Amino acid sequence: MMKLTYSHLKIMVYAIFIAIILSLPLFLDEFWLNRTAKYLIYGMLGVAISLSWGYAGILNLGQGLFFGAGAYMLGMSLKLASPTSLEQGGQTPIPDFMMWNAEPNAVVDLCCINHVSFLWMPFQSQSFGIFMAIALPVLIAWLIGTIIFRKGIAGVFISIITLAMVLLARLLVVDAQSFTGGFNGLTDLAWFKINGYEFDPYTVSTYYLVAISLVIVLLITRVLINSRAGLILQAIRDDQNRAKYLGFDAASYQTFFFCVSAAISGFAGMLYVITAEFASPTFMDLSFSIAIVIWAAVGGRASILGACIGAISISMLGASVSENELFVESWQAILGLFFVLVVLYMPKGLAGIAHGICRKLTVNRGEG
């Protein structure tokens, strides 16, 4: 009889989680499928913050910057494909908010209705929007990471810099009313389309687009952290000076995984636009980025799956509590208190408890 090992238990847990999320369409109606898809997207953000914080030791308080960038990039393409953009009377589709903010004698064309509208022209191709939803977050992360890690900046200073970056990005998005839609963001978007097939946000196909994407992200991330590069990254996290002494380029490894985390967040932002049908500057609110950190901390920042489940569970709980009349004004304070209690009494999160149980089970079955 094959002996049950810790590795076998981990595989079983992953398999159970994947089986659950793939079977939910059998039990949920269209409304709850759409809502659950959004929670799964938050799960991707949990994976992203776990990769950067739990495995790289980089506490990013601006993860919403990458999420928002991905959302806006695809949102721009879907906005141009919407009926309100196609019916503005120009030779090219024009977002309605550009018409509202245009000068009286402005040329009704995407190239020149305002000074920066020409930047929207490549987004008439949805493929370009998809590409930029990943490429822009990665580019931003690479620029930030190159500067921070090459300069040897570490600890709380990284958190302060990333926090400042997301606040700056939000100000730019809100102030650029004629380019981004300002406070209103991008609304009234067309449905996402692949080879002529439209993904209605409330259908099973859209849910599976999100669920399968999450499964792929989980598996790829798992492979990455178990690879040689992932092991070196964890060594850098534990003792950066020793890793440098052994000849490893710590800054390059940190920058690479910081970019991977940004790519996951940008991808999640793109999927969120598909399911929610809007892109908003609230994605870049400081409260949202801090919420992502709380999700990962509760689930277990040193566990990819734990952070994912934590993000799904806490976002689901937060949404339910915030809709209750008794807690509508205080639910964020409740979430903050919960976070403090977890940090004090469960520093490894829920995943730490689960890992402890799994190790006891394997020890009891004869694995030393």
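Please refer to the structure higher up on the page.
Residues numbered from 1 in each chain as written. Predicted model: local features only at pLDDT ≥ 70, side-chain atom pairs only at ≥ 80, totals over all residues. Heavy atoms only, no water.

K.L.:
Is there a simple way to explain the overall build of the protein in this structure?
P.N.:
Summing up its helical and strand segments, the protein has 16 helices and 2 strands in all. For the protein, whose C-alpha radius of gyration is 22 Å, the value lies close to the compact-globule estimate of 21 Å for 368 residues. Taken along the three principal axes of its C-alpha coordinates, the protein extends 80 × 50 × 45 Å. Within the span of the protein, comprising 368 residues, buried residues form 48% of the whole. In the protein, of all internal contacts separated by at least 6 residues, the share reaching a separation of at least 24 is 74%. About 17,800 Å² of surface is accessible on the protein, with carbon and sulfur atoms providing 67% of the total. (Helix = DSSP H or I, 4+ residues; strand = E, 2+ residues; numbered from the N terminus. Rg over C-alpha atoms; globule rule 2.2 N^0.38 Å. Buried < 20%, exposed > 50% of the residue type's maximum accessible area, 1.4 Å probe, protein only. Contact = heavy atoms within 4.5 Å. Areas by Shrake-Rupley, 256 points an atom, 1.4 Å probe, with all protein chains shown as cover.)

K.L.:
Please explain the packing of aromatic side chains as it appears in this structure.
P.N.:
Geometry of an aromatic ring pair is reported as the spacing of the ring centres plus the angle between the planes. A complete count under the given rule lists 21 aromatic pairs for this structure. Residues Phe-97 and Trp-120 carry aromatic rings whose centres are separated by 5.9 Å and whose planes lie at 65° to one another, so their mutual orientation is edge-to-face. Remark: Trp-120 occurs in the loop between α5 (96-100) and α6 (126-150) and Phe-97 occurs in helix α5; sequence separation between them is 23 residues. On the basis of relative accessibility, which here comes to 3%, the residue Phe-97 falls in the buried class. Aromatic pair Phe-123 and Phe-128: ring centres 5.0 Å apart, planes at 75°, arrangement edge-to-face. (Phe/Tyr/Trp six-rings, centres within 6.5 Å; stacked < 30°, edge-to-face > 60°.)

K.L.:
Looking at this structure, I do not really get the pattern of salt bridges. What am I missing?
P.N.:
Pairing of side chains with opposite charge becomes possible as their charged atoms draw close. Scanning the model with the defined rule gives 6 salt bridges in all. When the shortest N-O distance is used, the salt bridge between Lys-79 and Asp-96 registers 3.1 Å. Of this pair, Lys-79 sits in helix α3 (residues 63-80) while Asp-96 sits in helix α5, and the two are 17 residues apart along the sequence. Note that Lys-193 is salt-bridged to Glu-198, the shortest N-O span being 3.9 Å. (Salt bridge = Lys/Arg side-chain N within 4 Å of Asp/Glu carboxyl O.)

K.L.:
What is the right way to look at unusual backbone geometry in this model?
P.N.:
Backbone phi values are negative for most residues with the exception of glycine, while trans is the configuration of most peptide bonds. The phi angle at Asp-188 is positive, at roughly 55°, despite the residue not being glycine. By the element assignment, Asp-188 lies in the loop between α8 (177-180) and β1 (192-194). Phi is positive for Asn-195, which is not a glycine, with a value near 50°. Looking at the element boundaries, Asn-195 is found in the loop between β1 and β2 (197-199).

K.L.:
How should I be thinking about the nonpolar core in this particular structure?
P.N.:
Proteins that are soluble and globular tend to have nonpolar side chains buried together. Phe-17, Trp-120, Leu-214, Leu-218 and Trp-295 are the most contacted members of the largest nonpolar core, which has 101 residues in total. Excluding residues that lie within four positions of it along the chain, Phe-17 makes contacts with Leu-214, Leu-218, Leu-305, Cys-308, Ile-309 and Ile-312. Counting 5 residues, the second-largest nonpolar core is a separate cluster that includes Ile-232, Ile-236, Ala-243 and Ala-250. (Core = buried A, V, L, I, M, F, W, Y, C linked by side-chain atoms within 4.5 Å.)

K.L.:
Would you take a moment to explain a nonpolar patch on the surface for this structure?
P.N.:
A surface patch of nonpolar side chains, amounting to about 540 Å² of accessible area, comprises Leu-337, Val-340, Leu-341, Leu-344 and Tyr-345. Take Val-340: it is sitting in helix α15 (residues 331-345). (Patch = residues over 30% accessible without salt bridge, like charges linked within 9 Å, V, L, I, M, F, W, Y side chains within 5 Å.)

K.L.:
It is not clear to me how the packing of α6 against helix α12 (residues 250-276) should be interpreted in this structure. Could you clarify?
P.N.:
Packed helix pairs are characterised by how far apart their axes lie and by the angle those axes make with each other. Contact geometry for α6 and α12: axes closest at 8 Å, N-to-C directions at 150°. One way to sum up the angle between α6 and α12 is to call them roughly antiparallel. Two packed elements cross with a definite hand, and for α6 against α12 that hand is right-handed. Facing Ile-130, Ala-133, Ile-134, Pro-137, Val-138, Ala-141, Trp-142, Ile-144, Gly-145, Thr-146, Phe-149 and Arg-150 of α6, the residues of α12 in contact are Ala-251, Ser-252, Gln-254, Thr-255, Phe-258, Cys-259, Ala-262, Ala-263, Gly-266, Phe-267 and Met-270. Taken together, the residues of the contact of α6 with α12 break down into 16 nonpolar, 6 polar and 1 charged. (Axes fitted to C-alpha atoms, helices over the stretch in contact; angles between N-to-C directions. Parallel < 35°, antiparallel > 145°, perpendicular 65-115°, else oblique. Left-handed = near helix turned anticlockwise from the far one by under 90°. Nonpolar A, V, L, I, M, F, W, Y, C, P; charged D, E, K, R; others polar.)

K.L.:
Would you explain the side chain of Gln-63 in this entry?
P.N.:
Mapped onto the elements of the fold, Gln-63 is located in helix α3. You can call Gln-63 buried: its relative accessible area is 0%. A polar atom in the side chain of Gln-63 sits 3.0 Å from the side chain of Ser-261. Every residue in contact with Gln-63, bar those within four places of it in the chain, is listed here: Ala-48, Ile-49, Ser-52, Ser-261, Ala-262, Ser-265, Ser-289 and Ile-292. (Polar contact = N/O pair within 3.5 Å; in protein donor to acceptor, adjacent residues only side chain to side chain.)

K.L.:
Honestly, the environment of Phe-17 in this entry has me stumped. Any pointers?
P.N.:
Mapped onto the elements of the fold, Phe-17 is located in helix α1 (residues 6-23). Classification of Phe-17 as buried rests on a relative accessible area of 10%. For the pair Phe-17 and Arg-301, spaced 284 residues apart in the sequence, the C-alpha separation amounts to 18 Å.

K.L.:
How should the environment of Ser-85 be read in this particular structure?
P.N.:
Within the secondary structure, Ser-85 is located in helix α4 (residues 83-86). Residue Ser-85 is classed as buried on the basis of its relative accessible area of 1%. Distance from Ser-85 to Thr-146, taken between C-alpha atoms, is 39 Å for residues 61 residues apart in sequence. In this structure Ser-85 touches Lys-79, Leu-80, Pro-93, Ile-94 and Pro-95, once residues within four positions along its chain are discounted.

K.L.:
Quick question: what am I supposed to make of helix α14 (residues 304-322) here?
P.N.:
Across its 19 residues, α14 extends 27 Å between first and last C-alpha, which sits within 8% of the 27 Å expected from 1.5 Å per residue. All of the buried residues in α14 are Ile-304, Leu-305, Gly-306, Ala-307, Cys-308, Gly-310, Ala-311, Ile-312, Ile-314, Ser-315, Gly-318 and Ala-319. (Expected span 1.5 Å × (residues − 1).)

K.L.:
Would you mind showing me how to read the packing of α14 against α15 here?
P.N.:
Packing of α14 against α15 brings their axes to within 9 Å, and their N-to-C directions diverge by 145°. Crossing angle aside, the handedness with which α14 passes α15 is right-handed. Where α14 abuts α15, its residues Ile-314, Gly-318, Val-321 and Ser-322 lie against Trp-331, Leu-335 and Phe-338. A per-class count over the contact of α14 with α15 returns 5 nonpolar, 2 polar and no charged.

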